[in-house]
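# Architecture at a glance
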Amino acid sequence: MIRAALLLFIALVLAPRARALTVYTDRTLWEEAVVGPVYTESFDLPEQIVPTFAGGVLHTPAFDILIGQVHESWISQGLFHGDVHPLEPNGLDAIVFNMPGVSAFGVDVLSVEDSLPLGFDVDGQLFFASVGFFGVTSESSLGSSITIRGGSAPRFFNLDNVSLAPVPEPEGLAVLTVAALVLSSAQRRLPRAARPGA
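Residues numbered from 1 in each chain as written. Predicted model: local features only at pLDDT ≥ 70, side-chain atom pairs only at ≥ 80, totals over all residues. Heavy atoms only, no water.

### Looking at the side chain of Ser163
For Ser163, the position within the fold is in strand β14 (residues 155-166). A polar contact of 2.8 Å, which involves the side chain of Ser163, links it to the side chain of Arg27. There is a polar contact of 2.8 Å between the side chain of Ser163 and the side chain of Thr40. (Helix = DSSP H or I, 4+ residues; strand = E, 2+ residues; numbered from the N terminus. Polar contact = N/O pair within 3.5 Å; in protein donor to acceptor, adjacent residues only side chain to side chain.)

### With respect to the confidence of the model for the protein
This prediction gives the protein a mean pLDDT of 78; 68% of its residues lie at or above 70. Of all the helices and strands in the protein, helix α1 (residues 2-14) carries the lowest mean pLDDT, 48, while helix α2 (residues 27-33) carries the highest, 97. Every residue in residues 5-18 scores below 50 in pLDDT, and together they form 14 contacts with partners more than four places removed in sequence or on other chains. (pLDDT = per-residue confidence, 0-100. Contact = heavy atoms within 4.5 Å.)

### Observations regarding the packing of aromatic side chains
Counting across every chain of the model gives 9 aromatic pairs. Consider the rings of Phe80 and Phe157, whose centres lie 6.1 Å apart with planes at 50°: the pair is tilted. In this pair, Phe80 is assigned in strand β7 (residues 79-84) and Phe157 in strand β14, connecting sequence segments 77 residues apart. When sorted by exposure, Phe80 lands in the same class as Phe157, which is buried. Taken together, the aromatic side chains of Phe43, Phe63, Phe80, Phe97, Phe105, Phe120, Phe127, Phe134 and Phe157 make up a single cluster linked through ring pairs. (Phe/Tyr/Trp six-rings, centres within 6.5 Å; stacked < 30°, edge-to-face > 60°. Buried < 20%, exposed > 50% of the residue type's maximum accessible area, 1.4 Å probe, protein only.)

### Overview of the pairing of β14
As a general feature of sheets, a regular strand has side chains that alternate between the two faces. The pairing of strand β2 (residues 39-41) with β14 spans 3 bridges and is classified as antiparallel. Looking at the pairing, Tyr39 lines up with Leu164 of β14. Pairing analysis gives 5 bridges linking β7 to β14, with the strands arranged antiparallel. Residue pairing in the sheet places Val84 in a bridge with Arg155 of β14. Pairing analysis gives 8 bridges linking strand β9 (residues 102-112) to β14, with the strands arranged antiparallel. Looking across to β14, one finds that Val112 is bridged to Phe157. (Pairing = 2+ DSSP bridges.)

Structure below.
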């Protein structure tokens, strides 16, 4: 009995889960689908700039934004202003939102140069989004980062309201499993005559 409960605990709580991603273009529907609290960065922060060809990091309270060496990107006037170039083999073509332990990501894409779509690399899957809302949810972690990539041409863009939700802790299931293990163990230690139903 204890062994079966322990195996069930491992299978349900500790084993990796398949990552089925759901994409949203409506913020309200995305918010309704998110489990747990949502943190939104509106970029009302002191101005920060990463100059072209320098590479670097922009900091927010919830996550860091890693800027490739070919981009000039900055936070000012309540927006994140970015620049991505065509996909390059050296990996310097991307802007990375470093946010491990996130099960949901959403962003308002306010403008994109020439109305070209931006590529969002989420857990190894590439999605394209134009002006409007882009969001994705998963039953488990989205990986350690969300990467914005260019396509066939450079793209200057403005983002606002980057939202994320942490992976929900399976506390309820873990507590129930531990309680079942404790009760099972306690019952085995009782003398046969003292057991319920004996």
